[in-house]
Amino acid sequence: MASLELKQLTKKFGDFTAVDSMDLQVADGEMIALLGGSGCGKTTTLRMIAGFTEPFSGSILVDGKDVAGIPAYKRNIGIFFQNYALFPHMTVFENIAFGLKIQKLPKAEIAERVSEMLELVKLYGMEKRYPRELSGGQQQRVALARALVTRPSILLLDEPLSNLDAKLRVEMQVEIKRIQKELNITTIIVTHDHEEAVSLADRVIVMNAGRILQVGTPKEVFDDPNSAFVADFMGFSTFIKGSVKLELPDRLIVECSGHDLSVKRSVRDDLREGDNCILAIRSENIAIVPEDNMENRFVSGSNEIYAQENIVKGRVESITYKGHSTRVEVSGCFEENVYPAPNDYTGPGAGGELRLYFPSDKLCIYKN
């Protein structure tokens, strides 16, 4: 196990800056996720840490020692590739043992370590099989065991679940987290899936254009993104333009298309009266108010709500059943359409009217 620190880490390809002056500290035994879209710099960062790509400038400190000039094979860093990169002509045992044989360890020690890994990844008894005889999830476990068997100080996971179906992805999320905590190994996972990131990591690092936009716990980044870009990437579906009408000690009154919405103040917002802004809210946090309930007392999720503000009327444009929820497209509330997603929708069909409630503590506000 080891701590990792990146100081002003930069990578350029010609005139293109893939990673721009990146600073990051990862504690011993911590698991972090580098989250972002294609081309944001997350995989380039991983490759520089592994030693496969040379930095343009900056430092990569492992337990305080700069490893930027050390070859990859001397860094004691394990890496899990997106395509697994298993040797098709080798058995499970031989694939896992490959790195140990390169290190020229005694046969007895190799057998013992491989046996430990087979137990850890729950593949004991499959050591004589070839990759073609394994399922996708089993192949992934072999690749993970191969990365761990050399007892690396840091483990790097490059899109480890991208080749699996939905059910296996959930199962392997649980397994990866179990193994990481059991070994207490410092781990960095690269992913473009925000649900995967918040499920696995102790901290999430959101990246774009080679820069870090936000660092925080999964709950902080998921519930309180620090910009409209991060909110969009983290799955917020409704964005409403407005302007600050009134400042109050604990909240702002924002005018949006002729409607006044009360928004709980954030510790980071520096908005003033007259400032243009954007409100963002998750679909599941927009509640539908029954039309026959003029007292505005209703149940949303498991909470009973009595709302005196932030209720706006709109018109149903479309309804899409999503299995765990129903996506309702509603127009007429504001200039932009909004997208509530109740678990059990029993409201009107397309063309019907709805009243929607936007909880003030679920609205995120950003300067526009």
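The preceding data block contains the structure.
Right, let's walk through the structure included here. (Residues numbered from 1 in each chain as written. Predicted model: local features only at pLDDT ≥ 70, side-chain atom pairs only at ≥ 80, totals over all residues. Heavy atoms only, no water.)

### Overview of the overall build of the protein
- Summing up its helical and strand segments, the protein has eight helices and 21 strands in all.
- Along the first, second and third principal axes, the C-alpha set of the protein runs to 80 × 45 × 35 Å.
- Looking at the protein residue by residue over its 368 residues, the buried ones come to 47%.
- Long-range pairs, those at least 24 residues apart, make up 65% of the contacts in the protein between residues at least 6 apart in sequence.
- Accessible surface, the protein: about 17900 Å² in total, of which carbon and sulfur atoms supply 48%. (Helix = DSSP H or I, 4+ residues; strand = E, 2+ residues; numbered from the N terminus. Buried < 20%, exposed > 50% of the residue type's maximum accessible area, 1.4 Å probe, protein only. Contact = heavy atoms within 4.5 Å. Areas by Shrake-Rupley, 256 points an atom, 1.4 Å probe, with all protein chains shown as cover.)

### Quick look at the pairing of strand S8 (residues 186-191)
- Burial analysis of S8 places six of its six residues in the buried class, which makes it a mostly covered element.
- Residues Thr186, Ile188 and Val190 of S8 are buried on one face, and the alternating residues Thr187, Ile189 and Thr191, pointing to the opposite face, are buried as well.
- Summarising the sheet, strand S3 (residues 31-35) and S8 pair through five bridges and their orientation is parallel. Each bridged residue has a counterpart across the sheet, and for Ile32 the counterpart in S8 is Ile188.
- Relative to S8, strand S7 (residues 154-158) is paired through five bridges, and the arrangement is parallel. Paired with Asp158 across the bridge in S8 is Val190.
- For the segment spanning S7, helix H5 (residues 166-183) and S8, crossover handedness is right-handed. (Pairing = 2+ DSSP bridges. Right-handed = clockwise from strand over helix to strand, strands pointing away.)

### Quick word on the pairing of strand S20 (residues 353-357)
- Counting buried positions along S20 gives four out of five residues, so the element sits mostly inside the fold.
- Pairing between strand S15 (residues 287-289) and S20: three bridges, direction antiparallel. Within the sheet, the bridge partner assigned to Val289 lies in S20 and is Arg355.

### Re the sheet that holds strand S19 (residues 326-331)
- The four strands lie next to each other as S15-S20-S18-S19, forming an open sheet whose pairing is antiparallel. Edge positions in the open sheet fall to S15 and S19, since each of these has one partner strand only. Direction aside, the axes of adjacent strands within the sheet are offset by 55 degrees on average.
- Here strand S18 (residues 311-321) runs beside S20; their pairing, made up of five bridges, is antiparallel. Along S20, the bridge assignment pairs Arg315 with Glu353. (Axes fitted to C-alpha atoms, helices over the stretch in contact; angles between N-to-C directions.)

### Things to note about the environment of Glu329
- Relative to the elements of secondary structure, Glu329 occurs in strand S19.
- It is 20 Å that separates the C-alpha atoms of Glu329 and Gly258, two residues lying 71 residues apart in sequence.

### Quick notes on empty space enclosed by the protein
- Under the definition given, this model contains one cavity of 30 Å³ or more.
- Each pocket or cavity is described by its volume, and for the largest cavity that value is around 50 Å³.
- Along the walls of the largest cavity sit Met31, Leu144, Leu148, Leu155, Leu157, Ile176, Ile179, Gln180, Leu183, Ile185 and Thr187, which together make up its complete lining.
- Residue assignment for the lining of the largest cavity shows that the elements contributing at least two residues are helix H4 (136-148), S7 and H5. (1 Å grid on protein atoms, 1.4 Å probe; cavity = no way out; pocket = protein on both sides within 12 Å on 5 of 7 lines; lining within 4 Å. Points joined across faces, edges and corners; volume = space filled by probe spheres on them.)

### Side note on the environment of Asn76
- Tracing the sequence through the fold places Asn76 in the loop between strand S5 (65-66) and strand S6 (77-80).
- Along the backbone, Asn76 and Asn337 are 261 residues apart, and their C-alpha atoms lie at a distance of 52 Å.
- Non-local contacts of Asn76, meaning those with residues more than four positions away in its chain, are made with Thr150, Arg151, Pro152, Ser153 and Ile154.

### Observations concerning the state of the cysteines
- Evaluated as defined, the whole model comprises zero disulfides.
- Free of any disulfide, Cys277 has its nearest neighbouring cysteine sulfur in Cys256, separated by 6.1 Å.
- On the basis of relative accessible area, Cys277 is assigned to the buried category, the value being 1%. (Disulfide = S-S within 2.5 Å.)

### Thoughts on helix H1 (residues 42-50)
- Across the nine residues of H1, seven count as buried, placing the element largely inside the fold.
- Of the residues flanking the end of H1, it is Gly51, one or two places downstream, whose phi is positive at about 100 degrees.

### Quick word on the side chain of Gln214
- The residue Gln214 is located in strand S10 (residues 211-216) in this model.
- Among the polar contacts made by the side chain of Gln214, one reaches the main-chain carbonyl oxygen of Asp224 at a distance of 3.3 Å.
- Among the polar contacts listed, one links the side chain of Gln214 to the backbone nitrogen of Asn226, at a separation of 2.8 Å.
- Setting aside residues no more than four positions away along its own chain, Gln214 makes contact with Val204, Ile205, Val206, Glu220, Val221, Asp224, Pro225, Asn226 and Val230. (Polar contact = N/O pair within 3.5 Å; in protein donor to acceptor, adjacent residues only side chain to side chain.)

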